[in-house]
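Chain and residue survey
Here's the letter readout for the chains.
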Amino acid sequence: MDQQARRGQFISLEGIDGAGKSSHLDAIERLFAAAGREVVRTREPGGTPLAESLRALLLNEAMDPLTESLLVFAARRDHVVQVIQPALARGAVVLCDRFTDATFAYQGAGRGFDLAVLQTLERWVQQQEAGAALLQPELTLWFDLAPEVAAERLAGARMPDRFEAQPAEFFRRVREGYARRAAEEPGRFARIDADTRREAVWAQVEAALQERGWLK
Ligand SMILES: Nc1ncnc2c1ncn2[C@@H]1O[C@H](COP(=O)(O)OP(=O)(O)OP(=O)(O)O)[C@@H](O)[C@H]1O
Ligand SMILES: Cc1cn([C@H]2C[C@H](O)[C@@H](COP(=O)(O)O)O2)c(=O)[nH]c1=O
């Protein structure tokens, strides 16, 4: 097994609700499986029994932004310790539908919650060992789409949860939050223009993965 395979790859998918990210998870998984890689597909909030219980509360129960942020990070801590770190240690590809960028976009930009508090929680939860870098995805596929188009795509598709029921203005702020995160870390983010047909979106996703040289 080569060095890259032993280390594993952590890939997150991000975007406002309805941007189309989940539609490409199967195909990404197939690409890595065809390259002989173990793929661990997971999501946030969620990914463990405890975190999935917290997800149900987060998506359905009214709460203030601090409570929301604490629950998101509590779920993340369990997910990181139980699933993500062990998978990366055995060389798997971790394909995660949302991670901490969602917290900065939704709780930070969307709700207007204190970014410094989020940064502190991020350090507590994603610190791997003293002095080491925080656990972060190596690649974040950001599906960028206007809130109006995303809302049209979601209309009638399912009962909106507590986030999906937010007005367009909320999602404009969330989108800006993602744009700021992407500008801060251009090497980690690949912006996917999601305002096009599925095949054209997929071509961008595949290109971003090929560029990293992980599919050989
Ligand atoms: N390129 C596309 N063009 C038109 N419709 C699309 C496209 N991609 C996905 N859709 C449709 O848009 C809706 C939302 O897609 P999807 O569930 O993949 O989004 P998502 O980003 O995962 O949303 P959420 O985060 O809210 O779960 C689905 O009904 C899906 O079939
Ligand atoms: C990780 C994370 C998620 N959220 C929000 C974003 C979405 O509206 C839901 C998850 O639903 P999905 O259909 O699985 O995308 O949760 C958030 O507000 N903060 C977070 O950190």
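Residues numbered from 1 in each chain as written. Chains lettered and ligands numbered in written order. Predicted model: local features only at pLDDT ≥ 70, side-chain atom pairs only at ≥ 80, totals over all residues. Heavy atoms only, no water.

The next point concerns the confidence of the model for the protein. In the predicted model, the protein carries a mean pLDDT of 95, and 97% of its residues have values of at least 70. Counting contacts from residues 1-6, a segment whose pLDDT is below 50, to residues more than four positions away or on other chains yields twelve contacts. Confidence estimates for the predicted assembly give a pTM of 0.96 and an ipTM of 0.98. (pLDDT = per-residue confidence, 0-100. Contact = heavy atoms within 4.5 Å.)

All right, on to the site of ligand 1 then. Around ligand 1 there are 14 residues in total, and Gly 20, Lys 21, Ser 22, Ser 23 and Arg 158 lie nearest to it. One can see that ligand 1 is located within the largest pocket. Counted by class, the shell around ligand 1 contains one nonpolar, five polar and eight charged residues. (Near = heavy atom within 4 Å. 1 Å grid on protein atoms, 1.4 Å probe; cavity = no way out; pocket = protein on both sides within 12 Å on 5 of 7 lines; lining within 4 Å. Sits in = over half its atoms within 2 Å of the grid points. Nonpolar A, V, L, I, M, F, W, Y, C, P; charged D, E, K, R; others polar.)

In this structure, Pro 45 follows Glu 44 across a cis peptide bond, with omega equal to -10°. A positive phi angle is found at Arg 98, which is not glycine, with a value near 85°. Position of Arg 98 among the secondary structure elements: in the loop between β3 (93-97) and α5 (100-110). (Helix = DSSP H or I, 4+ residues; strand = E, 2+ residues; numbered from the N terminus.)

Before going further, it helps to spend a moment on the site of ligand 2. Ligand 2 sits among 14 residues. The nearest are Asp 17, Arg 55, Arg 98, Thr 103 and Gln 107. Side-chain polar atom of Arg 55 to an oxygen atom of ligand 2: 2.9 Å apart, as the coordinates give it. At 2.6 Å, a side-chain N or O of Arg 98 approaches an oxygen atom of ligand 2. Contact with the protein chains removes 94% of the 480 Å² of surface that ligand 2 exposes when unbound. Here ligand 2 occupies the largest pocket. Among the secondary structure elements, those contributing two or more residues to the shell around ligand 2 are α3 (49-60), α4 (65-89) and α5. (Polar contact = N/O pair within 3.5 Å; in protein donor to acceptor, adjacent residues only side chain to side chain. Areas by Shrake-Rupley, 256 points an atom, 1.4 Å probe, with all protein chains shown as cover.)

Here we take up the UniProt feature "binding site: ATP" (unreviewed entry) in the protein. Per the UniProt record, "binding site: ATP" (unreviewed entry) is annotated on Gly 15, Ile 16, Asp 17, Gly 18, Ala 19, Gly 20, Lys 21 and Ser 22. Cross-referencing the annotated residues with the largest pocket identifies Ile 16, Asp 17, Gly 18, Ala 19, Gly 20, Lys 21 and Ser 22 as lining it. On the accessibility criterion, Asp 17 (13% relative accessible area) is buried. With sequence-adjacent residues up to four places away left out, Asp 17 is seen in contact with Arg 98, Tyr 106, Ala 150, Leu 154, Phe 163, Glu 164 and Phe 171. Within the structure, the side chain of Asp 17 is placed 2.6 Å from the side chain of Tyr 106, a separation counted as a polar contact. Mapped onto the elements of the fold, Ala 19 is located in the loop between β1 (9-14) and α2 (25-34). In this structure Ala 19 comes out as buried when scored by relative accessible area, which is 3%. Setting aside anything within four residues of it in sequence, one finds Ala 19 in contact with Phe 143, Leu 145, Ala 150, Arg 153 and Ala 194. (UniProt positions renumbered as here; feature names shortened; annotations may be inferred. Buried < 20%, exposed > 50% of the residue type's maximum accessible area, 1.4 Å probe, protein only.)

Attention shifts here to the nonpolar core. Ile 11, Ile 28, Phe 32, Tyr 106, Leu 141, Phe 143 and Leu 209 are the most contacted members of the largest nonpolar core, which has 41 residues in total. The contact partners of Ile 28, leaving out residues within four places of it in the chain, are Leu 13, Leu 95, Leu 141, Trp 202, Val 205 and Leu 209. Of all hydrophobic cores here, the second largest spans twelve residues; its members include Val 40, Val 80, Val 83 and Val 94. (Core = buried A, V, L, I, M, F, W, Y, C linked by side-chain atoms within 4.5 Å.)

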